[in-house]
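The residues making up each chain are set out below.
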Amino acid sequence: MAIRRIALWMALALAVGDSHAEQLRFVTEDFPPFTYAATHKTDDDRAAGPFVEIVEAVCARMGIDCPIQLLPWRRALALAEAGEVDGIFTVIRSPERERAFHLTRMLATSRYGVYARGASGFVFHRAQDLAGRTVAVYGPSGTSFVLSEHLAQVDDVQMILESDNRRLMRMLQAGRFGGQGVAVVNQDVAWHLIEQERLVNIHEAGELQSVSYAIGLSRVAVSETRFQRFDDALEALIADGSIARILRRHGLQPAF
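Residues numbered from 1 in each chain as written. Predicted model: local features only at pLDDT ≥ 70, side-chain atom pairs only at ≥ 80, totals over all residues. Heavy atoms only, no water.

Novice: Sorry, what's going on with the overall build of the chain here?
Specialist: Check the secondary structure of the chain and you find nine helices and 12 strands. Split into buried and exposed, the 256 residues of the chain put 49% on the buried side. Of all intrachain contacts in the chain linking residues separated by at least 6 positions in sequence, the fraction that spans at least 24 positions is 76%. When the accessible area of the chain is evaluated, it comes to approximately 12,600 Å², of which 50% is carbon and sulfur surface. (Helix = DSSP H or I, 4+ residues; strand = E, 2+ residues; numbered from the N terminus. Buried < 20%, exposed > 50% of the residue type's maximum accessible area, 1.4 Å probe, protein only. Contact = heavy atoms within 4.5 Å. Areas by Shrake-Rupley, 256 points an atom, 1.4 Å probe, with all protein chains shown as cover.)

Novice: Would you mind going over the packing of helix H6 (residues 165-173) against helix H7 (residues 187-196) with me for this structure?
Specialist: Relative placement of two packed helices is described by the angle separating their axes and the distance separating the axes. The N-to-C vectors of H6 and H7 enclose an angle of 65°; their axes lie 10 Å apart at closest approach. Comparing the axis directions of H6 and H7 gives the class roughly perpendicular. Like other packed secondary-structure pairs, H6 and H7 cross with a definite hand, here right-handed. On H7, the residues that touch Asn165, Arg166 and Met169 of H6 are Val189, Ala190, Leu193, Ile194 and Gln196. Residue classes in the contact of H6 with H7 are distributed as five nonpolar, two polar and one charged. (Axes fitted to C-alpha atoms, helices over the stretch in contact; angles between N-to-C directions. Parallel < 35°, antiparallel > 145°, perpendicular 65-115°, else oblique. Left-handed = near helix turned anticlockwise from the far one by under 90°. Nonpolar A, V, L, I, M, F, W, Y, C, P; charged D, E, K, R; others polar.)

Novice: I keep staring at the layout of surface pockets and nothing clicks. Help me out?
Specialist: What the second largest pocket holds in volume is close to 220 Å³. In terms of lining, the second largest pocket is formed by Glu29, Asp30, Leu70, Leu71, Pro72, Trp73, Tyr138, Ser163, Asp164, Arg166, Arg167 and Arg170. Top contributing element to the lining of the second largest pocket by residue count: H6, with three residues. Per-class residue counts for the lining of the second largest pocket are five nonpolar, one polar and six charged. Counting the residues that make up the lining of the second largest pocket, at least three belong to each of domain 1 (26-109 + 212-254) and domain 2 (111-210). (1 Å grid on protein atoms, 1.4 Å probe; cavity = no way out; pocket = protein on both sides within 12 Å on 5 of 7 lines; lining within 4 Å. Points joined across faces, edges and corners; volume = space filled by probe spheres on them. Domains from an automatic or database assignment.)

Novice: Quick question: what am I supposed to make of the pairing of strand E5 (residues 87-91) here?
Specialist: Regular strands show a simple pattern: their side chains alternate between the two faces of the sheet. Of all five residues in E5, five are buried, a share of seventy percent or more. Summarising the sheet, strand E1 (residues 26-28) and E5 pair through two bridges and their orientation is parallel. Across the sheet, Phe26 pairs through a bridge with Gly87, a residue of E5. With three bridges connecting them, E5 and strand E11 (residues 202-218) associate as antiparallel partners. When the bridges of E11 are listed, Gly87 appears paired with Leu217. (Pairing = 2+ DSSP bridges.)

Novice: When you look at the pattern of salt bridges in this model, what are you seeing that I'm missing?
Specialist: Side chains carrying opposite charge are able to pair once their charged atoms draw close together. One pass over the full model with this rule turns up 11 salt bridges. The residue Arg105 makes a salt bridge to Glu235 at a minimum N-O spacing of 2.6 Å. Residue Arg105 is found in the loop between strand E6 (101-103) and strand E7 (108-117), and its partner Glu235 is found in helix H8 (residues 224-239); the two are separated by 130 residues along the sequence. Its relative accessible area of 24% is what places Glu235 among the partly exposed residues. Here Arg170 ties to Glu197 by a salt bridge, and the two come within 3.0 Å at their closest N and O atoms. Taken together, the positions of Arg170 in helix H6 and Glu197 in the loop between H7 and E11 put the pair 27 residues apart, joining distant regions of the chain. (Salt bridge = Lys/Arg side-chain N within 4 Å of Asp/Glu carboxyl O.)

Novice: Got a minute to help me understand the packing of aromatic side chains in this structure?
Specialist: Centre distance and the angle of the planes are the two values used to describe a pair of aromatic rings. Applying the stated criterion across every chain yields a total of eight aromatic pairs. Here Phe34 and Phe51 contribute two aromatic rings whose centre-to-centre distance is 6.2 Å and whose plane-to-plane angle is 65°, an arrangement assigned as edge-to-face. Of this pair, Phe34 sits in the loop between E1 and strand E2 (36-37) while Phe51 sits in helix H2 (residues 50-62); the two residues are 17 residues apart in sequence, bridging distant segments of the chain. Of the two residues examined, Phe34 and Phe51, each falls in the buried class. Ring geometry for Phe51 versus Phe89: centroids 6.3 Å apart, planes at 25°, classification stacked. Of the two residues, Phe51 sits in helix H2 while Phe89 sits in strand E5, which places them 38 residues apart along the sequence. Given the relative accessible area of 0%, Phe51 is considered buried. A relative accessible area of 0% means that Phe89 is categorised as buried. An aromatic cluster is defined as three or more aromatic residues linked by ring pairs; in this entry it consists of Phe26, Phe31, Phe34, Phe51, Phe89, Tyr213 and Phe230. Here the basic side chain of Arg133 rests over the ring of Phe122, its NZ or CZ set 3.9 Å away from the ring centre. (Phe/Tyr/Trp six-rings, centres within 6.5 Å; stacked < 30°, edge-to-face > 60°. Lys NZ or Arg CZ within 6 Å of the ring centre and 35° of its normal.)

Written out as structure tokens, the structure reads:
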């Protein structure tokens, strides 16, 4: 009887261990329309949006549990880089991100836009047009990384990092960045916030460049083999059209 009990305990321990090993824990941010809080309650950190639906579909195909938590981006990124969670989205392809994460193929494509107050009449064509201006951007983030590259050869420009895009757009409308102030924001995010927040005094002055987003799995927490299983399931859903349907249902453009 004692031997049977020991065998049962060992079997249960192995089952728990296998269940834990098969779980992939993800973090993301408030980045509408790509990801956002499921409700508007301040104490609700459940995530929703097309990238959440994509991860859930991949995990369902793999037959594993994938909890997703909505956090401020800096905290989410720090947890994923340290391997305290398994994955993060949305991420761009950059040397820094590739060092920290196994990246899927790019899933959704968008653009970075330059936004100004309506009264300014500012029109953007090239990076030199930002000389002498204050340029606000959400960061540190993929957007701020790309903007820094564009501003490398621009003189007399001040870049200000803000903690989230909602705050950034509200501050732009209120004139908090001065008469020469502009903001660089993902185009889909900007227009979503302009409509949601009723920001009537902001216009798009021009486009900076295109951008695409992927899902990243931590190189610290996730082996190449486990990433490949996730990626294979994702590719199967791309092949049967499931991922494109999710993105288009949310008004987003697939990157494939």
